[in-house]
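Topology and contacts: notes
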Amino acid sequence: QVQLQESGPGLVKPSQTVSLTCTVSGGSITTNFYYWSWIRQPPGKGLDWMGAIAYSGSTYYSPSLKSRTSISRDTSKNQFTLQLRSVTPEDTAVYYCARALGSSWSYASSWGQGTQVTVSS
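Summary of the structure given here. (Residues numbered from 1 in each chain as written. Predicted model: local features only at pLDDT ≥ 70, side-chain atom pairs only at ≥ 80, totals over all residues. Heavy atoms only, no water.)

1. Digging into the overall build of the chain
Regarding its fold elements, the chain presents zero helices and 11 strands. Along the chain, from the amino end to the carboxyl end, the secondary structure elements read β-β-β-β-β-β-β-β-β-β-β. Computed over the C-alpha atoms, the radius of gyration of the chain is 13 Å, within 12% of the 14 Å expected from 2.2 N^0.38 for a compact globule of 121 residues. Seen along its three principal axes, the alpha-carbon backbone of the chain occupies a region of about 40 × 25 × 25 Å. Counting all 121 residues of the chain, 44% fall into the buried class. Put simply, of all contacts in the chain between residues at least 6 apart along the chain, 54% involve residues at least 24 apart. (Helix = DSSP H or I, 4+ residues; strand = E, 2+ residues; numbered from the N terminus. Rg over C-alpha atoms; globule rule 2.2 N^0.38 Å. Buried < 20%, exposed > 50% of the residue type's maximum accessible area, 1.4 Å probe, protein only. Contact = heavy atoms within 4.5 Å.)

Structure below.
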């Protein structure tokens, strides 16, 4: 079975860059036709799809986050990484990585457990 696990700092200061890594086991991130996705949930709010890197290496981003979001991968480590720049307290959320078949959290079939990211000075 496919397992995903997020890792990264739990606390970051405003204006900084947060970098999170998702480590995938039990399946390759290059396998057709999956999209390896980042999804977040701010406290008291719904799920927010951020973006994905496809099996081919192509990237896709939410329009609202595209200007400060980058997703990359390391196929040798079977990992993919989220970078979110210029963070503010509005970026405080639980961040999930997931395997999906489309550009929405509703298409995700496998999820990591999530990791809390708090933006605070």
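That shown, we press on.
2. Points about the packing of aromatic side chains
Considering all chains together, one arrives at seven aromatic pairs under this definition. Geometrically, the ring pair formed by F33 and Y55 is edge-to-face, given 5.4 Å between the ring centres and 90° between the ring planes. Residue F33 is located in the loop between strand 3 (18-25) and strand 4 (35-41), and its partner Y55 is located in the loop between strand 5 (48-54) and strand 6 (59-61); the two are separated by 22 residues in the primary sequence. Given a relative accessible area of 23%, Y55 falls into the partly exposed group. Here the aromatic rings of Y96 and W111 are separated by 5.6 Å at their centres, their planes lie at 85°, and the arrangement is edge-to-face. (Phe/Tyr/Trp six-rings, centres within 6.5 Å; stacked < 30°, edge-to-face > 60°.)

3. Describing the pattern of salt bridges
Per the counting criterion, the structure on display carries three salt bridges. Note that R40 is salt-bridged to D48, the shortest N-O span being 3.2 Å. According to the relative accessible area criterion, R40 is buried, its value standing at 7%. One salt bridge in this structure joins D91 and R68, with 2.8 Å as the shortest N-O distance. Taken together, the residues D91 in the loop between strand 8 (79-84) and strand 9 (93-100) and R68 in the loop between strand 6 and strand 7 (69-74) connect sequence positions 23 residues apart. Of the two residues examined, D91 and R68, each falls in the buried class. Each of R40, D48, R68 and D91 takes part in a single network of salt bridges with overlapping partners. (Salt bridge = Lys/Arg side-chain N within 4 Å of Asp/Glu carboxyl O.)

4. Remarks on the environment of M50
Note on placement: M50 falls in strand 5. In this structure, the C-alpha to C-alpha distance between M50 and T81, residues 31 residues apart in sequence, is 12 Å.

5. Things to note about the side chain of S110
Within the fold, S110 resides in strand 10 (residues 108-111). Other than its neighbours up to four places away in sequence, S110 contacts V2, L4, C97, A98 and R99.

6. Section: the nonpolar core
Within soluble globular proteins, side chains that are nonpolar tend to cluster in buried spots. By size, the foremost hydrophobic cluster in this structure holds 24 residues, and its most contacted members are L4, V24, W38, F80 and Y95. Of all the secondary structure elements, the ones that give two or more residues to this core are strand 3, strand 4, strand 5, strand 8, strand 9 and strand 11 (115-119). When residues of this core are assigned to their parent elements, the largest contribution, four residues, is made by strand 3. For V24, the residues in contact, after removing those within four places along its chain, are V2, Q3, L4, I29, W36, N78 and F80. Within the second largest apolar cluster, six residues are counted, among which are I39, A52, A98 and A100. (Core = buried A, V, L, I, M, F, W, Y, C linked by side-chain atoms within 4.5 Å.)

As far as function goes, none of this settles anything; it's purely spatial.
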